[in-house]
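Here is how the chains run, residue by residue.
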Amino acid sequence: MKTVVKQSDFETVNSMPRQKPAKPVKPALFWRWLIKTIAKPDLKATNFKANFIGMEKLNKKQPCLILMNHSCFLDLEIAETVMYPRPMNIICTSDGFVGKNWLMKKIGCIPTNKFVADFVMLKNMKYAIDKLKSSVLMYPEASYSFDGTATPLPDSLGKCLKLLNVPVVMIKTYGAFARNPLYNNLQIRKVNVSADVKYLLSPEEIQQKTPEELNEILKTEFTFDNWKWQQENNVLITEDFRADCLNRVLYKCPCCKKEGSMVGKGVNLLCHHCNTKWTLTEKGTLESENNQRFFTHIPDWYQWQREEVRKEISQGTYLINTEVDIYMMVNTKAIYKVGEGTLIHNKEGFKLTGCNGQLNYSQKSKASYSLYSDYYWYELGDMICIGDMKTLYYCFPKNSGDIVAKARIATEEIFKMIKDDD
(Lines give C-alpha, C1' and ligand atoms only; values in the text may rest on other atoms or scores of the structure.)
Protein backbone atom coordinates (compact mmCIF):
# COMPACT_ATOMS: atom_id res chain seq x y z
CA MET A 1 0.00 0.00 0.00
CA LYS A 2 1.26 3.46 -0.91
CA THR A 3 0.35 6.97 0.17
CA VAL A 4 0.30 10.47 -1.30
CA VAL A 5 3.72 12.11 -1.07
CA LYS A 6 4.50 15.70 -2.08
CA GLN A 7 7.75 17.66 -2.10
CA SER A 8 7.72 20.95 -0.24
CA ASP A 9 9.82 23.07 2.09
CA PHE A 10 9.59 23.11 5.87
CA GLU A 11 8.30 26.68 6.24
CA THR A 12 5.46 26.12 3.77
CA VAL A 13 4.32 22.89 5.41
CA ASN A 14 4.74 24.20 8.94
CA SER A 15 2.50 27.19 8.13
CA MET A 16 -0.32 25.03 6.73
CA PRO A 17 -3.59 24.89 8.71
CA ARG A 18 -3.71 21.78 10.90
CA GLN A 19 -6.36 19.11 10.37
CA LYS A 20 -9.41 19.89 12.47
CA PRO A 21 -10.85 16.97 14.45
CA ALA A 22 -14.25 15.76 13.27
CA LYS A 23 -16.83 13.57 14.93
CA PRO A 24 -16.99 9.98 13.65
CA VAL A 25 -19.72 8.79 11.31
CA LYS A 26 -21.65 5.56 11.71
CA PRO A 27 -20.73 3.40 8.69
CA ALA A 28 -23.72 2.62 6.48
CA LEU A 29 -24.61 -1.01 5.81
CA PHE A 30 -23.36 -0.62 2.23
CA TRP A 31 -19.80 0.11 3.38
CA ARG A 32 -19.84 -2.78 5.83
CA TRP A 33 -21.06 -5.11 3.09
CA LEU A 34 -18.47 -3.75 0.64
CA ILE A 35 -15.52 -4.38 2.97
CA LYS A 36 -16.78 -7.87 3.75
CA THR A 37 -17.16 -8.56 0.03
CA ILE A 38 -13.69 -7.25 -0.81
CA ALA A 39 -12.26 -9.39 1.98
CA LYS A 40 -13.68 -12.66 0.63
CA PRO A 41 -10.85 -13.53 -1.81
CA ASP A 42 -8.15 -12.94 0.82
CA LEU A 43 -9.97 -14.95 3.47
CA LYS A 44 -10.76 -17.73 1.01
CA ALA A 45 -7.07 -17.93 0.10
CA THR A 46 -6.23 -18.51 3.78
CA ASN A 47 -9.05 -21.03 4.39
CA PHE A 48 -10.17 -18.66 7.12
CA LYS A 49 -12.18 -20.05 10.03
CA ALA A 50 -13.57 -18.31 13.09
CA ASN A 51 -14.21 -19.83 16.50
CA PHE A 52 -16.88 -17.95 18.46
CA ILE A 53 -16.64 -18.18 22.25
CA GLY A 54 -19.43 -16.87 24.47
CA MET A 55 -20.66 -14.47 21.79
CA GLU A 56 -24.26 -15.45 22.47
CA LYS A 57 -23.99 -13.13 25.51
CA LEU A 58 -23.73 -10.11 23.22
CA ASN A 59 -26.98 -8.59 22.04
CA LYS A 60 -26.97 -8.06 18.26
CA LYS A 61 -27.78 -4.36 18.66
CA GLN A 62 -25.59 -3.77 21.70
CA PRO A 63 -22.48 -1.65 21.08
CA CYS A 64 -19.24 -3.17 22.31
CA LEU A 65 -15.51 -2.51 22.37
CA ILE A 66 -13.64 -4.93 20.12
CA LEU A 67 -9.96 -5.44 20.92
CA MET A 68 -7.75 -7.23 18.41
CA ASN A 69 -4.10 -8.21 18.14
CA HIS A 70 -2.32 -6.60 15.21
CA SER A 71 -0.32 -8.64 12.68
CA CYS A 72 -1.03 -7.32 9.19
CA PHE A 73 -3.65 -5.63 6.98
CA LEU A 74 -5.69 -8.85 6.94
CA ASP A 75 -6.75 -8.03 10.50
CA LEU A 76 -9.30 -5.45 9.34
CA GLU A 77 -10.81 -7.84 6.80
CA ILE A 78 -11.14 -10.49 9.51
CA ALA A 79 -12.78 -8.11 11.97
CA GLU A 80 -15.29 -6.78 9.45
CA THR A 81 -16.18 -10.34 8.44
CA VAL A 82 -16.61 -11.92 11.87
CA MET A 83 -18.55 -8.94 13.31
CA TYR A 84 -20.77 -8.34 10.24
CA PRO A 85 -23.34 -6.76 10.06
CA ARG A 86 -22.61 -4.99 13.33
CA PRO A 87 -21.65 -1.33 12.67
CA MET A 88 -18.11 -0.54 13.82
CA ASN A 89 -16.02 2.57 14.10
CA ILE A 90 -12.36 1.71 13.66
CA ILE A 91 -9.47 3.36 15.47
CA CYS A 92 -6.95 4.01 12.71
CA THR A 93 -3.57 5.71 12.41
CA SER A 94 -4.03 9.25 11.12
CA ASP A 95 -1.65 8.74 8.19
CA GLY A 96 -4.09 6.12 6.90
CA PHE A 97 -6.42 9.04 6.03
CA VAL A 98 -3.93 10.70 3.69
CA GLY A 99 -5.39 11.00 0.20
CA LYS A 100 -8.60 9.22 1.18
CA ASN A 101 -10.06 11.24 4.05
CA TRP A 102 -13.64 11.07 2.72
CA LEU A 103 -13.56 7.30 2.25
CA MET A 104 -12.01 6.59 5.65
CA LYS A 105 -14.72 8.63 7.36
CA LYS A 106 -17.46 6.85 5.43
CA ILE A 107 -16.27 3.41 6.52
CA GLY A 108 -16.23 4.61 10.11
CA CYS A 109 -12.55 5.20 10.85
CA ILE A 110 -11.50 7.35 13.80
CA PRO A 111 -8.00 8.86 13.33
CA THR A 112 -5.36 8.91 16.03
CA ASN A 113 -1.66 9.73 16.21
CA LYS A 114 0.14 6.63 17.46
CA PHE A 115 1.78 6.78 20.89
CA VAL A 116 0.64 10.37 21.40
CA ALA A 117 -1.71 11.35 24.24
CA ASP A 118 -5.00 11.64 22.35
CA PHE A 119 -8.02 12.75 24.39
CA VAL A 120 -9.96 13.53 21.21
CA MET A 121 -9.84 9.85 20.23
CA LEU A 122 -11.33 8.86 23.58
CA LYS A 123 -14.13 11.42 23.16
CA ASN A 124 -14.83 10.06 19.68
CA MET A 125 -14.96 6.48 20.96
CA LYS A 126 -17.47 7.54 23.61
CA TYR A 127 -19.49 9.44 21.00
CA ALA A 128 -19.57 6.43 18.65
CA ILE A 129 -20.82 4.13 21.39
CA ASP A 130 -23.27 6.43 23.18
CA LYS A 131 -24.64 8.55 20.32
CA LEU A 132 -24.13 6.49 17.18
CA LYS A 133 -24.84 3.16 18.91
CA SER A 134 -21.88 1.78 17.04
CA SER A 135 -19.22 -0.64 18.28
CA VAL A 136 -15.56 0.39 18.28
CA LEU A 137 -12.71 -1.72 16.91
CA MET A 138 -9.35 -0.98 18.48
CA TYR A 139 -5.86 -2.44 18.12
CA PRO A 140 -4.51 -1.52 21.56
CA GLU A 141 -0.96 -2.58 20.65
CA ALA A 142 -1.12 0.33 18.14
CA SER A 143 1.60 -1.15 15.92
CA TYR A 144 2.33 -4.38 14.14
CA SER A 145 4.48 -6.85 16.05
CA PHE A 146 8.16 -6.85 15.04
CA ASP A 147 9.17 -10.22 16.49
CA GLY A 148 5.83 -12.03 16.45
CA THR A 149 5.06 -11.53 20.14
CA ALA A 150 2.84 -8.99 21.88
CA THR A 151 3.85 -5.34 22.03
CA PRO A 152 3.23 -3.23 25.18
CA LEU A 153 -0.28 -2.07 26.04
CA PRO A 154 -0.98 1.40 27.45
CA ASP A 155 -1.60 1.62 31.20
CA SER A 156 -4.64 3.78 30.43
CA LEU A 157 -6.52 0.89 28.79
CA GLY A 158 -8.19 -0.29 32.00
CA LYS A 159 -9.52 3.20 32.68
CA CYS A 160 -10.76 3.36 29.08
CA LEU A 161 -12.79 0.18 29.59
CA LYS A 162 -14.44 1.61 32.69
CA LEU A 163 -15.24 4.89 30.96
CA LEU A 164 -16.86 3.23 27.94
CA ASN A 165 -18.75 0.73 30.11
CA VAL A 166 -19.73 -1.66 27.31
CA PRO A 167 -19.01 -5.36 26.71
CA VAL A 168 -15.50 -6.16 25.55
CA VAL A 169 -14.89 -8.64 22.74
CA MET A 170 -11.45 -10.04 21.98
CA ILE A 171 -10.39 -11.15 18.49
CA LYS A 172 -7.15 -13.12 18.44
CA THR A 173 -5.76 -14.29 15.11
CA TYR A 174 -3.62 -17.30 14.34
CA GLY A 175 -1.52 -17.49 11.19
CA ALA A 176 -1.86 -13.86 10.11
CA PHE A 177 1.66 -13.00 11.25
CA ALA A 178 3.11 -16.14 9.63
CA ARG A 179 1.34 -15.24 6.39
CA ASN A 180 2.63 -11.68 6.23
CA PRO A 181 5.21 -10.69 8.89
CA LEU A 182 6.13 -7.03 8.82
CA TYR A 183 9.85 -7.60 8.26
CA ASN A 184 9.36 -9.55 5.02
CA ASN A 185 8.65 -6.60 2.65
CA LEU A 186 4.95 -7.39 2.11
CA GLN A 187 5.73 -10.80 0.60
CA ILE A 188 2.73 -13.06 1.19
CA ARG A 189 3.20 -16.68 2.23
CA LYS A 190 0.70 -19.54 1.91
CA VAL A 191 -0.65 -19.98 5.44
CA ASN A 192 -4.09 -20.82 6.77
CA VAL A 193 -5.54 -18.20 9.11
CA SER A 194 -8.09 -18.51 11.90
CA ALA A 195 -9.40 -16.39 14.74
CA ASP A 196 -10.98 -16.74 18.16
CA VAL A 197 -13.82 -14.29 18.71
CA LYS A 198 -14.39 -14.19 22.45
CA TYR A 199 -16.82 -12.36 24.72
CA LEU A 200 -14.26 -11.22 27.25
CA LEU A 201 -15.88 -8.87 29.76
CA SER A 202 -19.39 -7.70 30.58
CA PRO A 203 -20.10 -4.13 31.77
CA GLU A 204 -20.86 -5.54 35.23
CA GLU A 205 -17.50 -7.33 35.39
CA ILE A 206 -15.71 -4.20 34.26
CA GLN A 207 -17.29 -2.08 36.99
CA GLN A 208 -16.41 -4.66 39.64
CA LYS A 209 -12.72 -4.57 38.78
CA THR A 210 -10.05 -1.91 39.19
CA PRO A 211 -8.24 -0.49 36.15
CA GLU A 212 -5.15 -2.40 37.26
CA GLU A 213 -7.06 -5.69 37.39
CA LEU A 214 -8.49 -5.04 33.94
CA ASN A 215 -5.01 -4.31 32.61
CA GLU A 216 -3.80 -7.66 33.92
CA ILE A 217 -6.66 -9.47 32.17
CA LEU A 218 -5.85 -7.70 28.91
CA LYS A 219 -2.13 -8.39 29.29
CA THR A 220 -2.91 -12.10 29.61
CA GLU A 221 -5.15 -12.03 26.54
CA PHE A 222 -2.47 -10.21 24.55
CA THR A 223 0.26 -12.70 25.43
CA PHE A 224 1.19 -14.76 22.40
CA ASP A 225 4.13 -16.07 20.39
CA ASN A 226 3.44 -16.53 16.70
CA TRP A 227 6.65 -18.49 16.10
CA LYS A 228 5.83 -20.92 18.89
CA TRP A 229 2.30 -21.28 17.48
CA GLN A 230 3.80 -22.12 14.08
CA GLN A 231 6.03 -24.79 15.57
CA GLU A 232 3.37 -26.34 17.81
CA ASN A 233 0.92 -26.55 14.91
CA ASN A 234 3.52 -27.81 12.43
CA VAL A 235 2.85 -24.93 10.05
CA LEU A 236 5.45 -25.04 7.30
CA ILE A 237 6.58 -21.85 5.53
CA THR A 238 8.15 -23.24 2.37
CA GLU A 239 8.68 -19.99 0.47
CA ASP A 240 12.34 -19.38 -0.35
CA PHE A 241 12.14 -15.70 0.69
CA ARG A 242 11.07 -16.31 4.28
CA ALA A 243 14.28 -14.84 5.76
CA ASP A 244 14.39 -11.80 3.47
CA CYS A 245 15.09 -8.71 5.62
CA LEU A 246 14.97 -10.69 8.89
CA ASN A 247 17.92 -8.49 9.87
CA ARG A 248 15.37 -5.75 10.54
CA VAL A 249 14.29 -7.76 13.60
CA LEU A 250 17.56 -9.52 14.45
CA TYR A 251 19.94 -6.61 13.97
CA LYS A 252 22.67 -7.64 16.45
CA CYS A 253 24.87 -10.73 16.11
CA PRO A 254 24.93 -12.78 19.34
CA CYS A 255 28.32 -14.23 18.36
CA CYS A 256 30.46 -11.14 17.74
CA LYS A 257 28.01 -8.59 19.24
CA LYS A 258 28.27 -6.46 16.09
CA GLU A 259 25.27 -4.36 15.03
CA GLY A 260 24.42 -3.52 11.43
CA SER A 261 26.23 -6.51 9.95
CA MET A 262 23.27 -8.89 9.74
CA VAL A 263 21.74 -9.64 6.33
CA GLY A 264 18.63 -11.75 5.76
CA LYS A 265 18.31 -13.18 2.28
CA GLY A 266 16.40 -16.16 0.96
CA VAL A 267 16.25 -18.65 3.83
CA ASN A 268 19.48 -17.52 5.53
CA LEU A 269 20.59 -14.88 8.02
CA LEU A 270 24.28 -14.03 7.84
CA CYS A 271 26.56 -11.87 9.94
CA HIS A 272 29.03 -10.27 7.54
CA HIS A 273 31.35 -9.40 10.42
CA CYS A 274 32.03 -12.89 11.83
CA ASN A 275 30.46 -14.92 8.97
CA THR A 276 28.16 -16.88 11.26
CA LYS A 277 25.14 -18.10 9.32
CA TRP A 278 21.69 -19.21 10.41
CA THR A 279 18.97 -20.89 8.39
CA LEU A 280 15.33 -20.07 9.03
CA THR A 281 13.69 -23.49 8.75
CA GLU A 282 10.27 -24.19 7.32
CA LYS A 283 9.02 -24.67 10.91
CA GLY A 284 10.20 -21.19 11.95
CA THR A 285 13.26 -22.18 13.98
CA LEU A 286 16.83 -21.00 13.49
CA GLU A 287 19.64 -23.43 12.79
CA SER A 288 23.28 -22.33 12.84
CA GLU A 289 26.20 -23.97 11.10
CA ASN A 290 28.60 -26.30 12.92
CA ASN A 291 25.94 -26.93 15.58
CA GLN A 292 26.90 -23.72 17.36
CA ARG A 293 24.65 -23.20 20.38
CA PHE A 294 23.08 -19.84 19.74
CA PHE A 295 19.47 -18.72 19.57
CA THR A 296 17.05 -21.07 17.82
CA HIS A 297 13.91 -19.06 18.66
CA ILE A 298 13.52 -15.58 17.13
CA PRO A 299 11.69 -13.99 20.13
CA ASP A 300 14.52 -15.20 22.42
CA TRP A 301 17.06 -13.41 20.21
CA TYR A 302 14.88 -10.29 20.16
CA GLN A 303 14.56 -10.40 23.97
CA TRP A 304 18.35 -10.68 24.26
CA GLN A 305 18.67 -7.54 22.12
CA ARG A 306 16.26 -5.81 24.51
CA GLU A 307 18.47 -6.77 27.45
CA GLU A 308 21.53 -5.48 25.59
CA VAL A 309 19.81 -2.15 24.95
CA ARG A 310 18.80 -1.88 28.59
CA LYS A 311 22.46 -2.39 29.58
CA GLU A 312 23.50 0.42 27.25
CA ILE A 313 20.89 2.73 28.76
CA SER A 314 21.96 1.87 32.32
CA GLN A 315 25.63 2.42 31.46
CA GLY A 316 24.88 5.71 29.72
CA THR A 317 26.23 4.52 26.37
CA TYR A 318 22.96 4.20 24.43
CA LEU A 319 22.85 6.63 21.51
CA ILE A 320 21.34 6.80 18.05
CA ASN A 321 22.71 9.65 15.94
CA THR A 322 21.75 9.33 12.31
CA GLU A 323 21.15 11.37 9.21
CA VAL A 324 17.55 11.15 8.05
CA ASP A 325 15.20 12.14 5.28
CA ILE A 326 12.35 14.09 6.89
CA TYR A 327 8.68 13.92 5.99
CA MET A 328 5.86 15.74 7.76
CA MET A 329 2.13 15.26 8.23
CA VAL A 330 -0.03 18.23 9.23
CA ASN A 331 -3.23 17.33 7.35
CA THR A 332 -4.67 14.47 5.31
CA LYS A 333 -3.86 15.93 1.90
CA ALA A 334 -0.36 14.45 1.71
CA ILE A 335 2.78 13.34 3.48
CA TYR A 336 5.25 16.14 2.73
CA LYS A 337 8.93 15.51 2.10
CA VAL A 338 10.58 18.61 3.55
CA GLY A 339 14.30 17.89 3.54
CA GLU A 340 17.14 16.26 5.44
CA GLY A 341 18.39 16.42 8.98
CA THR A 342 19.77 14.60 12.01
CA LEU A 343 17.85 12.46 14.49
CA ILE A 344 19.37 11.88 17.92
CA HIS A 345 17.95 9.51 20.51
CA ASN A 346 19.32 8.98 24.01
CA LYS A 347 17.98 8.59 27.54
CA GLU A 348 16.71 12.19 27.49
CA GLY A 349 14.53 11.58 24.43
CA PHE A 350 14.53 12.50 20.75
CA LYS A 351 15.96 15.57 19.05
CA LEU A 352 15.34 16.25 15.37
CA THR A 353 17.11 19.08 13.55
CA GLY A 354 17.43 19.91 9.88
CA CYS A 355 15.76 21.53 6.89
CA ASN A 356 18.57 24.09 6.60
CA GLY A 357 18.33 25.01 10.27
CA GLN A 358 14.58 25.70 10.23
CA LEU A 359 13.55 22.55 12.11
CA ASN A 360 14.41 22.00 15.76
CA TYR A 361 12.10 19.58 17.54
CA SER A 362 12.62 17.80 20.85
CA GLN A 363 10.55 15.06 22.49
CA LYS A 364 11.17 13.94 26.07
CA SER A 365 11.39 10.26 26.95
CA LYS A 366 8.38 10.41 29.26
CA ALA A 367 6.18 11.51 26.32
CA SER A 368 5.32 7.92 25.35
CA TYR A 369 5.68 4.32 26.52
CA SER A 370 6.58 3.14 22.99
CA LEU A 371 7.51 4.40 19.55
CA TYR A 372 5.78 4.51 16.19
CA SER A 373 8.39 2.85 14.02
CA ASP A 374 7.81 0.71 10.98
CA TYR A 375 9.45 -1.34 8.26
CA TYR A 376 8.91 -0.45 4.59
CA TRP A 377 6.36 2.18 5.63
CA TYR A 378 3.96 2.80 2.73
CA GLU A 379 6.71 1.24 0.56
CA LEU A 380 8.94 4.26 1.23
CA GLY A 381 11.38 2.68 3.69
CA ASP A 382 12.07 1.94 7.35
CA MET A 383 10.79 4.79 9.49
CA ILE A 384 10.81 6.35 12.96
CA CYS A 385 7.96 8.76 13.76
CA ILE A 386 7.89 11.38 16.49
CA GLY A 387 5.64 14.37 17.05
CA ASP A 388 2.46 15.53 18.73
CA MET A 389 -1.24 16.00 17.99
CA LYS A 390 -0.52 18.84 15.56
CA THR A 391 2.51 17.64 13.62
CA LEU A 392 4.14 14.29 12.94
CA TYR A 393 7.72 13.91 11.73
CA TYR A 394 8.56 10.74 9.79
CA CYS A 395 12.29 10.12 9.84
CA PHE A 396 13.92 7.70 7.39
CA PRO A 397 17.45 6.80 8.57
CA LYS A 398 20.22 6.91 5.97
CA ASN A 399 23.32 4.69 5.97
CA SER A 400 22.90 3.73 9.62
CA GLY A 401 21.91 0.06 9.44
CA ASP A 402 18.87 -1.50 11.08
CA ILE A 403 18.10 0.90 13.92
CA VAL A 404 14.30 1.07 13.73
CA ALA A 405 13.71 -1.91 16.04
CA LYS A 406 16.45 -0.77 18.42
CA ALA A 407 14.89 2.70 18.67
CA ARG A 408 11.52 1.19 19.61
CA ILE A 409 13.09 -1.14 22.18
CA ALA A 410 15.08 1.72 23.69
CA THR A 411 12.02 3.99 23.89
CA GLU A 412 10.12 1.30 25.79
CA GLU A 413 13.01 0.50 28.15
CA ILE A 414 13.79 4.15 28.91
CA PHE A 415 10.12 4.77 29.69
CA LYS A 416 10.09 1.79 32.08
CA MET A 417 13.14 3.17 33.88
CA ILE A 418 11.57 6.61 34.22
CA LYS A 419 8.35 5.04 35.49
CA ASP A 420 10.24 2.92 38.02
CA ASP A 421 12.16 5.99 39.25
CA ASP A 422 8.90 7.87 39.77
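Details of the structure are given in the entry above.
Residues numbered from 1 in each chain as written. Predicted model: local features only at pLDDT ≥ 70, side-chain atom pairs only at ≥ 80, totals over all residues. Heavy atoms only, no water.

## Focus: the nonpolar core
The nonpolar side chains of a soluble globular protein tend to be buried, and buried together.
Argument step 1. Leu246 and Leu352 are the most contacted members of the largest nonpolar core, which has 54 residues in total.
Argument step 2. Among the elements that make up this core, the one with the highest residue count is helix 12 (residues 404-421) (seven residues).
Argument step 3. In terms of nonpolar packing, the next biggest core, distinct from the first, is built from 33 residues, Leu43, Met55, Met68 and Ile171 among them. (Core = buried A, V, L, I, M, F, W, Y, C linked by side-chain atoms within 4.5 Å. Buried < 20%, exposed > 50% of the residue type's maximum accessible area, 1.4 Å probe, protein only. Helix = DSSP H or I, 4+ residues; strand = E, 2+ residues; numbered from the N terminus.)

## Regarding unusual backbone geometry
Argument step 1. In this model, Tyr84 is joined to Pro85 through a cis peptide bond whose omega is 5°.
Argument step 2. With respect to the element layout, Pro85 can be found in the loop between helix 3 (74-83) and strand 4 (88-93).
Argument step 3. Phi at Lys257 is positive, roughly 65°, even though this residue is not glycine.
Argument step 4. By secondary structure assignment, the location of Lys257 is in the loop between helix 10 (226-232) and strand 9 (262-265).

## Considerations on the side chain of Arg86
Argument step 1. Tracing the backbone shows Arg86 in the loop between helix 3 and strand 4.
Argument step 2. Summary of buried charges: Arg86 has no salt-bridge partner, and the nearest side chain of opposite charge, Glu80, is 10 Å away.
Argument step 3. Beyond its immediate sequence surroundings of up to four residues, Arg86 is in contact with Arg32, Leu58, Asn59, Lys60, Lys61, Gln62, Pro63, Cys64 and Ser135. (Lys, Arg positive; Asp, Glu negative; His and termini not counted. Salt bridge = Lys/Arg side-chain N within 4 Å of Asp/Glu carboxyl O. Contact = heavy atoms within 4.5 Å.)

## A few points about the state of the cysteines
Argument step 1. Tallied over the full model, the rule gives zero disulfides.
Argument step 2. Left without a disulfide partner, Cys256 is nearest to the cysteine sulfur of Cys271, which lies 3.6 Å away.
Argument step 3. Cys395 supplies the cysteine sulfur nearest to Cys385, a cysteine that is in no disulfide, at a spacing of 7.6 Å. (Disulfide = S-S within 2.5 Å.)

## Considering the sheet that holds strand 9
Argument step 1. Ordered by their spatial adjacency, four strands build an open sheet running 9-10-11-12, and the pairing between neighbours is antiparallel. Only two strands of the sheet have a single partner each, and these edge strands are strand 9 and strand 12 (286-288). Across the sheet, the mean angle from the axis of one strand to that of its neighbour is 25°, orientation sign disregarded.
Argument step 2. Here strand 10 (residues 268-271) runs beside strand 11 (residues 277-280); their pairing, made up of three bridges, is antiparallel. By the bridge assignment, Leu269 is partnered in strand 11 with Trp278. (Pairing = 2+ DSSP bridges. Axes fitted to C-alpha atoms, helices over the stretch in contact; angles between N-to-C directions.)

## Some thoughts on the packing of helix 11 (residues 298-315) against helix 12
Argument step 1. Where helix 11 contacts helix 12, the axes come no closer than 9 Å and their chain directions differ by 55°. Judged by the inter-axis angle, helix 11 sits oblique to helix 12. Once helix 11 is placed against helix 12, the crossing between them reads as right-handed. Contacts between helix 11 and helix 12 involve Tyr302, Arg306, Val309, Arg310, Glu312, Ile313 and Ser314 from the former and Ala405, Lys406, Ile409, Ala410, Glu412, Glu413, Ile414, Lys416, Met417 and Asp420 from the latter.
Argument step 2. Grouping the constituent residues of the contact of helix 11 with helix 12 by class yields eight nonpolar, one polar and eight charged. (Parallel < 35°, antiparallel > 145°, perpendicular 65-115°, else oblique. Left-handed = near helix turned anticlockwise from the far one by under 90°. Nonpolar A, V, L, I, M, F, W, Y, C, P; charged D, E, K, R; others polar.)

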